[in-house]
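Report on the structure
Take a look at the letters that make up each chain.
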Amino acid sequence: MSIQDEYKDLESRLRQSKPQTEPLPPAFKRQVRHELMEQMTMNDYRFSFRKLSMALGGLILLIGIPVFFWLAQMSIGSANFPGTEPDPSQLDPSRPTPTRVMGIVSEGVEGSEQNLDRFWLISTDISQGETIGRYGTINVTVGYKLVTVQEAELIVKLVEGPQELLSANKMVSGAIGTAVVSLPLADLEEPEGNLVTLELNLMVENPDHSTTKRVYQDFGAGWTVDLTAEPAMTTAEIVRISKPSLVEIDGVVDEFVYDIELTIAYTLSGYDQALLVAGYEYSDANGSAGGYEVIVVSAGSGDNVPIRLRVDRSFFNERGETIEGVNFFVRLNHYDETAAEWVNLYPGDADLTDGERSIPYPYHLQDVFYVESAAWGEDAAGQPILNVRMSYNLTSQPTAEIEVKVIWVEDLVLASDSLGVEAGNGSLTIPLAIDPTLDPLFLADIPLVMVSAVMTVGEVVIEDGQSVVYQGASETAENEIQIIGYEVVTRTTESGVAADITLFVGYNLSSDYSSGRITFSSQYSAATQGGGGGSGGGGGSEKAVSPGSGTAEFDFSFETTSWAAARQWLDSMSTSLLLFGDTTSGEEVLVAEVTKIGID
Amino acid sequence: MENEAQLVQRARHDPQAFAALYDHYVERIYAYVQRETGDRAVAQDIVSATFEKALKNLPRYEWRGVSFGAWLYKIARSEIALHYRRQKRFLPLVGRFLSPQRVEATVQQWEQVDEVQIALSRLPERDREVLRLSFFEELSHEEIGEVLNCSSRNVAVRLHRALKRLRKQLAKQAQEVVVYDVYSR
């Protein structure tokens with residue numbers, strides 16, 4: 001049976017093996033149809049309502065603006081409209097009330113500027129007066145209003161009496177706003193004694209020091225830090241959420257799914273490893289949905305751990321913002337071997353999902369690494385560059401090494417680079433400049449290169465690769481045929497080794513011919529390592545081609561006793577390619593041929 | 001059916017036109033999802049979500065000379081992937097929509113298990129998918145290109161390579177002693 005017949009037979013078998021399916025239940029079909037129609041009608045209604053709302057809005061603006069200005073005229077003389085400046089004591093009735101407020105004090109500020117720049121404590125995530133663990137974090141939310149400066153530095157300090165124990169700062173800008181400042185107690189300077197009471201100071205300072213202006217407020221109650229508490233404290237927070245981008249898998253864009261990267265900061269102490277879970281949740285009246293990814297983190301801390309999530313596009317609006325009801329979260333879970341279950345370390349009281357509970361332990365998620373794409377480009381000097389895009393998901397170790405090479409024939413490395421990556425999932429593009437001393441004609445002659453990428457994770461090596469045809473290669477001349485490259489994959493068999501070879505053949509058949517074909521044959525003849533001779537047919541096949549230029553691939557395999565013998569056979573292999581064309585009179589003529597000895 | 005491009009254009013505002021598209025494609029999409037998931041209840045959910053999403057995204061849809069059905073396949077494919085992401089959230093999600101285990105489990109449900117199906121289940125998902133779209137769903141190269149977001153020429157190359165690997169796999173299977181052992185796992 002010829003190869004063509006074999007493929008036809010295979011295609012026919014594939015069609016026959018099509019799995020049978022049940023028809024859609026009519027009731028369900030009708031129900032979905034009905035719901036869709038209803039939804040469409042509703043959308044129309046919404047559209048009309050929106051138009052009506054817009055029209056009404058316009059009318060309100062038309063009437064409202066003059067009234068507003070009239071009211072503004074009436075209130076001239078007042079420094080502020082009521083409500084533009086939140087009164088610190090009115091902002092949040094549930095916030096802890098400071099037991100001792102020293103008030104706003106200005107230093108070096110004269111006259112009317114006094115008290116114009118203001119700030120106020122909105123809340124702290126741990127109520128004042130509580131005892132907190134030695135490794136806890138206090139998150140302080142502060143409101144501010146800047147009048148005399150555009151920008152200021154907000155400094156939050158923890159003090160014990162006159163001694164400053166810890167401080168954190170944040171630049172704030174804009175007329176009015178809020179800022180959250182975190183005080184990780186792990187950074188606390190070691191105070192004496194087991195118990196210590198802290199105070200909170202807030203300061204706003206003009207950043208350019210052009211005027212010495214400092215206001216501060218002292219909220220006295222503070223907290224008690226229990227220094228004897230177990231240092232088994234973990235924290236995790238999302239410090240950044242990237243803008244969504246459409247998902248691309250193997251160079252294919254999926255327009256219904258977004259990629260979003262969460263950057264996580266965490267602290268883990270008291271445990272060797274934990275599972276960092278980052279994801280999103282959505283719920284509305286119809287139910288809930290969500291998704292998450294996990295990575296293993298080790299004891300210590302990290303402030304820039306990326307976790308990439310795939311989120312359905314329907315959870316975003318047209319502007320790429322998440323719709324109402326979508327929340328991102330981060331958790332740290334640990335496996336309690338005694339109880340044989342996963343427990344939540346941070347925030348400490350989270351309900352684990354069924355998925356999280358069923359994660360097998362010892363937890364091992366296979367690290368993933370692959371080459372997404374390799375595309376040719378040029379650097380500023382016009383030298384060829386190969387941009388290699390790779391993706392990884394590193395979970396089993398905190399770091400790994402990635403090495404990527406561009407290999408030409410004879411394992412000649414044209415370019416290489418390496419870099420380290422940290423745990424998490426992500427992708428990176430490495431531009432590899434091809435050795436400028438290499439004559440580009442070489443690449444034009446044999447324009448196939450192999451990208452070989454390796455990620456080394458501890459003792460484990462994950463490899464991937466891709467073949468790329470050099471685009472700057474010379475076109476095959478009309479009525480010519482040439483070998484433009486090959487791939488050889490060797491593997492061990494029961495009796496020795498086998499080589500699977502793919503030849504890439506460029507051809508160009510002129511329009512003088514109505515159709516054509518390429519025949520390929522190969523023969524090898526070599527002495528084997530053991531001294532015996534070896535010879536025979538390496539393979540043979542043919543392909544139909546149409547007028548024009550193109551690339552054809554031919555595959556064949558052979559088996560032999562050893563690697564050395566395989567190498568000898570490859571060296572002695574004689575490959576013959578013939579390009580035939582069919583003339584308009586129906587005659588087949590030999591148009592071009594190429595013979596090559598050796599696989600190099 | 002009137003010219004499909006016109007019908008799609010009309011369906012943006014006319015529920016009856018959208019209903020006609022629904023009636024025309026719903027069974028095919030259901031069969032596709034059923035084949036992909038092997039679960040009728042899941043397939044019903046996914047079909048419902050597919051058409052809902054199609055309705056929602058219809059204003060963004062651009063007619064590119066390829067059937068509207070190809071776009072529906074594309075949405076359904078995305079919904080299937082999303083379904084499995086939700087189910088197996090802690091598995092790597094990149095390009096591995098269908099794990100070999102799941103394919104084997106799906107295959108198990110098929111009444112007629114033959115060696116082609118076994119060979120298919122052992123191919124990389126990338127190959128399986130292009131073969132299924134071509135030979136089970138009977139989509140043209142252009143339609144597959146729309147579903148997979150690649151050119152029809154690229155589809156031809158992928159299809160050729162997938163067939164080649166399938167042929168190799170079948171040859172390898174023929175030498176295996178216990179072929180059906182895979183189903184007892």
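Cut-offs used in this document
Within each chain, residue numbers correspond to sequence positions counted from 1 in written order. Chain A is the first chain written and ligand 1 is the first ligand written, with later ones labelled in order. For this predicted model, a pLDDT threshold of at least 70 governs which residues receive local features, and a threshold of 80 or more governs which side-chain atom pairs are given and counted, while totals over whole chains, interfaces and linings are taken from all residues. The helix count covers DSSP runs of H or I at least four residues long, the strand count covers runs of E at least two residues long, and both are numbered beginning at the N terminus. A residue is called partly exposed when the number of other C-beta atoms within 10 Å of its own lies between 12 and 20, exposed at 12 or fewer, and buried at 20 or more, with C-beta atoms placed from the backbone. A residue pair is marked as a contact if its C-beta atoms, positioned from the backbone, fall within 7 Å. Each residue is assigned to one class: nonpolar for Ala, Val, Leu, Ile, Met, Phe, Trp, Tyr, Cys and Pro, charged for Asp, Glu, Lys and Arg, and polar for all the others, Gly among them. Note on scores: pLDDT gives the predictor's confidence for each residue, bounded by 0 and 100. Fitting a line to C-alpha atoms yields each axis, with helices limited to the stretch in contact; the angle taken between N-to-C directions then spans 0 to 180 degrees. Our angle categories are set so that under 35 degrees counts as roughly parallel, over 145 as roughly antiparallel, 65 to 115 as roughly perpendicular, and the remainder as oblique. The crossing is said to be left-handed when, going from far helix to near helix, the turn is anticlockwise and less than a right angle, and right-handed when the turn is clockwise. Working definition: the nonpolar core is a set of buried Ala, Val, Leu, Ile, Met, Phe, Trp, Tyr and Cys residues, joined through C-beta atoms within 7 Å. Think of the arc as the fan of directions from the helix axis to the C-beta atoms.

Thoughts on the overall build of chain B
- Helices and strands together make up the secondary structure of chain B, namely 9 helices and 0 strands.
- Traced from its N-terminal end to its C-terminal end, chain B shows the element sequence α-α-α-α-α-α-α-α-α.
- Going through the 185 residues of chain B one by one, you find that 38% of them count as buried.
- The long-range fraction of contacts in chain B, counting pairs at least 24 apart against all pairs at least 6 apart in sequence, stands at 60%.

Quick look at the interface of chain B and chain A
- Opposite the 43 residues of chain B that make contact, chain A presents 43 residues.
- Elements supplying a minimum of two residues to the side of chain B that touches chain A: α2 (15–37), α3 (40–57), α4 (68–87), α6 (115–121), α7 (125–136) and α9 (152–175) of chain B.
- No other element matches the 10 residues that α2 of chain B contributes to the side of chain B that touches chain A.
- Grouping the constituent residues of the side of chain B that touches chain A by class yields 24 nonpolar, 7 polar and 12 charged.

Points about the confidence of the model for chain A
Residues and elements named next belong to chain A.
- Here chain A averages 71 in pLDDT, while 65% of its residues score no lower than 70.
- Averaged pLDDT values over the elements of chain A bottom out at 28 in strand β1 (residues 105–107) and peak at 90 in strand β28 (residues 574–582).
- Contacts from residues 45–114, a stretch scored under 50 in pLDDT, to residues over four places away or in other chains number 46 contacts.
- In this model residues 527–537 is a low-confidence stretch, pLDDT under 50, and it forms 17 contacts with partners more than four residues away in sequence or in other chains.

Things to note about the packing of helix α1 (residues 4–11) of chain B against α2 of chain B
Residues and elements named next belong to chain B.
- For the pair α1 and α2, the least separation of the axes is 7 Å and the interaxial angle reads 130 degrees. With respect to α2, the element α1 is oriented oblique. α1 and α2 meet at a crossing whose hand is left-handed. Residue-level contacts link Leu7, Val8, Arg10 and Ala11 of α1 to Ala17, Phe18, Ala20 and Leu21 of α2.
- By residue class, the composition of the contact of α1 with α2 is 7 nonpolar, no polar and 1 charged.

A look at the environment of Ser511 of chain A
All names here are of chain A.
- Here Ser511 is to be found in the loop between β24 (497–509) and β25 (515–527).
- Looking at Ser511, the number of C-beta atoms within 10 Å reads 8, which means it is exposed.
- As for Ser511 and Thr583, which are separated by 72 residues in sequence, their C-alpha atoms are 9.6 Å apart.

Concerning the nonpolar core
- Ranked by internal contacts, the top residues of the largest apolar core, which has 100 residues, are Ile264 and Leu276 of chain A together with Ile29, Val33, Leu72 and Ala76 of chain B.
- Counting residues per element, this core draws most heavily on strand β14 (residues 252–284) of chain A, at 14 residues.
- The contact partners of Ile29 of chain B, leaving out residues within four places of it in the chain, are Val47, Thr50, Leu72, Tyr73 and Ala76 of chain B.
- Counting residues in each nonpolar core, the second largest holds 27 residues, with Phe520, Trp569, Leu577 and Val591 of chain A among its members.

Let's talk about helix α5 (residues 563–572) of chain A
- Buried within α5 of chain A are the following residues: Ala565, Ala566, Trp569 and Leu570 of chain A. Down the axis of α5 of chain A, the sector holding all buried residues measures 140 degrees, keeping them to one side.

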